[in-house]
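These are the residues of each chain, in order.
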Amino acid sequence: MADKTAAQLQAEWVTHGNIARVQAQLDREPNQGKRKALEELLAEQRKLVVPD
């Protein structure tokens, strides 16, 4: 496996930050409609880090 470029490492780092922020927002969101949207966003972000 080839070493990651600086841009790839930075993108991965940003994505991990996005996952943490969305998860924190999801944890405190009582509205089921907003929770569903956040869960979908979280799933999309996780796919960027760990593709299917």
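Our subject in this report is the structure included herewith.

**Quick word on the environment of Asp27**
Considering the arrangement of structural elements, one finds Asp27 in helix α1 (residues 6-28). Given a relative accessible area of 58%, Asp27 falls into the exposed group. On a C-alpha basis, the gap between Asp27 and Asp3 in space is 35 Å, while along the polypeptide they are 24 residues apart. One polar contact links Asp27 to Gln23, side chain to side chain, over a distance of 2.9 Å.

**As for the packing of α1 against helix α2 (residues 32-49)**
Where α1 meets α2, the closest approach of the two axes is 9 Å, and the angle between their N-to-C directions is 160 degrees. Considered as vectors, α1 and α2 are oriented roughly antiparallel to each other. Considering the relative orientation of α1 and α2, their crossing is left-handed. In this structure, α1 uses Thr15, His16, Asn18, Ile19, Val22, Gln23, Gln25 and Leu26 to contact α2, whose residues at the interface are Arg35, Leu38, Glu39, Leu41, Leu42, Gln45, Arg46, Leu48 and Val49.

**Comments concerning the pattern of salt bridges**
If you walk through the whole model with that rule in mind, you get two salt bridges. Notably, a salt bridge pairs Lys4 with Glu12, separated by 2.5 Å at the nearest N-O pair. Here Glu12 falls in the partly exposed class, since its relative accessible area comes to 28%. Linking Lys36 and Glu40 is a salt bridge whose minimum nitrogen-to-oxygen distance equals 3.1 Å.

**As for the nonpolar core**
Core analysis: the biggest nonpolar cluster contains five residues, these being Ile19, Val22, Leu26, Leu38 and Leu42. The element best represented in this core is α1, accounting for three residues. Those residues in contact with Leu42, other than ones at most four positions away along the chain, are Ile19, Val22, Gln23 and Leu26.

What counts, and where the lines are drawn
- Residues numbered from 1 in each chain as written.
- Predicted model: local features only at pLDDT ≥ 70, side-chain atom pairs only at ≥ 80, totals over all residues.
- Heavy atoms only, no water.
- Helix = DSSP H or I, 4+ residues; strand = E, 2+ residues; numbered from the N terminus.
- Buried < 20%, exposed > 50% of the residue type's maximum accessible area, 1.4 Å probe, protein only.
- Polar contact = N/O pair within 3.5 Å; in protein donor to acceptor, adjacent residues only side chain to side chain.
- Axes fitted to C-alpha atoms, helices over the stretch in contact; angles between N-to-C directions.
- Parallel < 35°, antiparallel > 145°, perpendicular 65-115°, else oblique.
- Left-handed = near helix turned anticlockwise from the far one by under 90°.
- Contact = heavy atoms within 4.5 Å.
- Salt bridge = Lys/Arg side-chain N within 4 Å of Asp/Glu carboxyl O.
- Core = buried A, V, L, I, M, F, W, Y, C linked by side-chain atoms within 4.5 Å.

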